[in-house]
Amino acid sequence: MTVHVQEHIWIPLSDGTRLGARLWLPEDAEQSPVPAILEYIPYRKRDGTRGRDEPMHGYFASQGYAAIRVDMRGTGESDGHMADEYLKQEQDDALEVIDWISRQAWCSGNVGMMGKSWGGFNSLQVAARRPPALKAIITAYSTDNRYTDDIHYMGGLLLNDNLWWGTIMLAYQSRPLDPKIVGDVWREQWLERLDKLPFFPALWLEHQRYDDYWKHGSVCEDWSAIECPVLAIGAWADSYTNPVSRLLENLQVPRRGIIGPWGHIYPQDGVPGPAIGFLQEATRWWYQWLKGEETGVMDEPMLRAFVCDTIEPTGTRTTTEGRWVGEAEWPSPEITAKQFDLGADRRLGGNASQAAILQIRSPQSHGKAGGEWMATGCPGEHPTDQRLDNGGALVFETEILEQDLDVLGAPSVRLRVAADCPVAQISLRLNDVLPDGRVTRVSYKVFNLTHRDSHEEPEALEAGKFYDVAIKLNDCGYRFARGHRVQLAIATAYWPMVWTSPHNATLSISVAESRLELPVRAPSHETKVRFDSPAHGPSTPMTQVDAGTVRRWTEQDHETGINTYITEGVGGLFGEGVIRFDEIDTQLSHSLRRELTVKDDDPLSAKYVLTQTYEMGRDGWQIKIESRTEMRSDENTFYLAGELSAFENGTLVKTRQWDERFDRDLI
């Protein structure tokens, strides 16, 4: 089917704002209207996500759908100001966009909405607003709870990616409007956008507990609000996997879930592989709910998940061995909890009757082998050999397994634990010990013990008092092979993934009341699951100008005691290098360096500095954005600073500076 692409169209809103969009149409859509598929994100449809958009939305159009990629208010060439993520204004605009799409001559009146990450979030949020024309959604790598499972906090602890992502957003939202689209007003509107630019990481650091700020846009607050069918996508190497099982368990609409081995990448391009024919799966979903044609999607298992075989503990990984399995319902009656008691002899699953108190105080740099919070297909981002961290942890191991042990779902740990200070964190790692001694991380969780009863109302610890704490680890699908061992590692820090606690805490574990529970899948329970090979539409014409580099390394200064963790992407933030989109004659380069330092005996020595350069343009129109952000803390206060400079054709046109501080709220 011939597809026509409209490079730019305007969508008018009721307040006079215009949103920019790109549109893919089947050739006869004006004469024979078709359903529409909306992706609505802030990452610039013209030059930001063009390389990803073209083969995906072009494919949908070739299958008989109108595909439309809309830039949110204040982003790309769209009018207005974007003040924060997931605002009510964002949802209100989406309702108008969906209504506008449904009334176009090329649209049958039925609209589907989809997206990955931000677009997955707002697909859920907009579905909860129930616009009449929205008939189904696909949400990939998103969450139902903005506090527990997003890039800002985990387990009541501050993720260091809060500053990383906030810094990237400074560059993303400082990009100018394209004069080839908006004409001479581009500069005036760009400078206005720079004047209003929020200091994104500070917006999120201000809210350190689960308050109304995070509850807004968290669809778990009212599952019944979503009334249209939902296809939820997750991935084991990604950071947005846990919500898939919660969506399947709690939604009451037609729903299905797919969890693969990938990072934060659409499954048709999934890395680590195997990638799948996700666009075909999506098209089946759209045919079912937008065209009313029976495709068998509801005959599929409720959850289709990839169970990984043994993973080598290496930072760079492009493929994963394993197999696809299906669960007819979720939670699955075929998955049962298997208990492993913690023993005084540091055995896992051994004699739990012997009372003992075991203590641990980890070095503050514990976590060097943890990899990135979110894999994106870059070299060196996966967890490495966990023996590097095990020396600073309290480690429990099973005997050698006599048969395979398949795990699918969320492991959990129940501990009777005491701390010697009012604020303390704990990190838990579920590991696979290979026969040669290497150790692979299978799942993990970091947790703020002041949040033991509530993320809304944390309470300080009473020094020396024992508490019973239950902690769910991240969902996983993994086979512990015969001849391996299951390992649980307990520590008091997880740097550089999470910010340090204000005290150098020692934890005491009463092992007789502590245990690990694994969601074990019955070995005889097999359901055949298969996917087509990946399909794509035509790629956008582009030139690789420079391959760029991505590096990650750690250093330890044995004189000063400073541990340094550095990641550096030159040319392309996610390893894509410097590229030029040939059709629009626009070249892009994005470089960022992260440097996190800490002393092993001093949590208040932690410091985080990011430097960033974003360049874009063409002959006669060259834009450069430079920024630097920094974070540190003392016992009572977080300190957050930033500066940004914007250049046009080598001339400085705007600077912004921020210097903010926030009281630590039991974190």
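Provided above is the structure to which this section pertains.
Residues numbered from 1 in each chain as written. Predicted model: local features only at pLDDT ≥ 70, side-chain atom pairs only at ≥ 80, totals over all residues. Heavy atoms only, no water.

Draft legend 1. Geometry of the overall build of the chain. What the chain contains, in helices and strands, is 11 helices and 33 strands. At 25 Å, the chain has a C-alpha radius of gyration in line with the 26 Å of a compact globule built from 667 residues. Viewed in the frame of its principal axes, the chain has a C-alpha envelope of about 75 × 60 × 45 Å. Each of the 667 residues in the chain was classed as buried or not, and the buried ones make up 63%. (Helix = DSSP H or I, 4+ residues; strand = E, 2+ residues; numbered from the N terminus. Rg over C-alpha atoms; globule rule 2.2 N^0.38 Å. Buried < 20%, exposed > 50% of the residue type's maximum accessible area, 1.4 Å probe, protein only.)

Draft legend 2. Structural context of the sheet that holds strand β18 (residues 425–433). Ordered by their spatial adjacency, 4 strands build an open sheet running β15-β22-β18-β19, and the pairing between neighbours is antiparallel. Across the chains shown, the open sheet's two edge strands, defined by having one partner strand only, are β15 (394–397) and β19 (439–448). Taking the axes of each pair of neighbouring strands and ignoring which way they run, one obtains an average angle of 15° across the sheet. Of the pairings in the sheet, the one linking β15 to strand β22 (residues 485–491) comprises 4 bridges and is antiparallel in character. Among the inter-strand pairings, V395 is bridged to a residue of β22, identified as A489. (Pairing = 2+ DSSP bridges. Axes fitted to C-alpha atoms, helices over the stretch in contact; angles between N-to-C directions.)

Draft legend 3. Inspection of the pairing of strand β10 (residues 255–260) at higher detail. β10 sits mainly inside the fold: 6 of its 6 residues count as buried. Two strands pair when backbone bridges link them, and strand β9 (residues 230–235) and β10 are joined in this way by 6 bridges, in the parallel orientation. The partner of G234 across the bridge, within β10, is I259. As defined by bridge partners, β10 adjoins strand β11 (residues 303–308) across 3 bridges and the pair is classed as parallel. Across the sheet, G257 pairs through a bridge with L303, a residue of β11.

Draft legend 4. Structural context of the layout of surface pockets. Size it by volume and the largest pocket reaches roughly 1,300 Å³. Looking at the largest pocket, it is lined by 43 residues, and the ones nearest its centre are G48, R52, K116, F574 and E576. Listing elements by their share of the lining of the largest pocket, those giving two or more residues are α1 (50–62), α4 (161–172), β25 (542–546), β28 (578–581) and β29 (586–599). A total of 4 residues in the lining of the largest pocket trace back to one element, the largest contributor, which is α1. Across the lining of the largest pocket, the residue classes break down as 19 nonpolar, 15 polar and 9 charged. Reported here for the second largest pocket is a volume of approximately 950 Å³. Taken together, 37 residues line the second largest pocket, and the ones lying closest to its centre are R246, A410, K472, L473 and D475. Class assignment for the residues of the lining of the second largest pocket results in 16 nonpolar, 11 polar and 10 charged. (1 Å grid on protein atoms, 1.4 Å probe; cavity = no way out; pocket = protein on both sides within 12 Å on 5 of 7 lines; lining within 4 Å. Points joined across faces, edges and corners; volume = space filled by probe spheres on them. Nonpolar A, V, L, I, M, F, W, Y, C, P; charged D, E, K, R; others polar.)

Draft legend 5. Seen up close, the packing of helix α2 (residues 88–102) against helix α3 (residues 118–127). Running from N to C, α2 and α3 point in directions that differ by 75°, and their axes come no closer than 10 Å. Between α2 and α3, the angle falls in the class roughly perpendicular. Where α2 approaches α3, its residues E90, Q91, A94, L95 and I98 are matched on the opposing element by W118, N122, Q125 and V126. Grouping the amino acids of the contact of α2 with α3 by side-chain chemistry returns 5 nonpolar, 3 polar and 1 charged. (Parallel < 35°, antiparallel > 145°, perpendicular 65-115°, else oblique. Contact = heavy atoms within 4.5 Å.)

Draft legend 6. Broad picture of helix α10 (residues 278–290). Between its first and last C-alpha atoms α10 spans 17 Å; for 13 residues at 1.5 Å apiece the expected length is 18 Å, and the two agree. Burial analysis of α10 places 10 of its 13 residues in the buried class, the great majority of the element. If you check which residues of α10 are buried, you get F278, L279, Q280, E281, A282, T283, W285, W286, Q288 and L290. Immediately downstream of α10, the backbone of G292 shows phi near 70°, a positive value. (Expected span 1.5 Å × (residues − 1).)

Draft legend 7. Empty space enclosed by the protein, seen in detail. Per the counting criterion, the structure on display carries 9 cavities of 30 Å³ or more. Each pocket or cavity is described by its volume, and for the largest cavity that value is around 580 Å³. Elements supplying a minimum of two residues to the lining of the largest cavity: β7 (153–154), β19 and β21 (476–480). A total of 6 residues in the lining of the largest cavity trace back to one element, the largest contributor, which is β19. Taken together, the residues of the lining of the largest cavity break down into 18 nonpolar, 11 polar and 10 charged. Considered as a void within the structure, the second largest cavity measures approximately 200 Å³ in volume. For the lining of the second largest cavity, a count of residues per class yields 7 nonpolar, 3 polar and 7 charged.

Draft legend 8. Representation of unusual backbone geometry in the model. Residue P272 is reached from V271 by a cis peptide bond, and omega for that bond is -5°. P274 follows G273 through a cis peptide bond whose omega is 10°. Here P274 shows up in the loop between β10 and α10. Non-glycine residue Y86 carries a positive phi angle of around 60°.

Draft legend 9. Here's a closer look at the side chain of D406. Within the element layout of this structure, D406 appears in strand β16 (residues 405–409). Assessed through its relative accessible area of 6%, D406 is described here as buried. One polar contact links D406 to R323, side chain to side chain, over a distance of 2.3 Å. Leaving out residues up to four positions away in the same chain, D406 has contacts with R323, Y478, R479, P519, V520 and R521. (Polar contact = N/O pair within 3.5 Å; in protein donor to acceptor, adjacent residues only side chain to side chain.)

Draft legend 10. View of the pattern of salt bridges. Following the criterion strictly, the structure yields 58 salt bridges and no others. The salt bridge partner of R361 is D420, with a shortest N-O separation of 3.7 Å. Taken together, the positions of R361 in the loop between β14 (357–360) and α11 (387–390) and D420 in the loop between β17 (412–419) and β18 put the pair 59 residues apart, joining distant regions of the chain. You can call D420 partly exposed: its relative accessible area is 41%. (Salt bridge = Lys/Arg side-chain N within 4 Å of Asp/Glu carboxyl O.)

So far we have only geometry, and geometry alone does not tell us how the molecule works.
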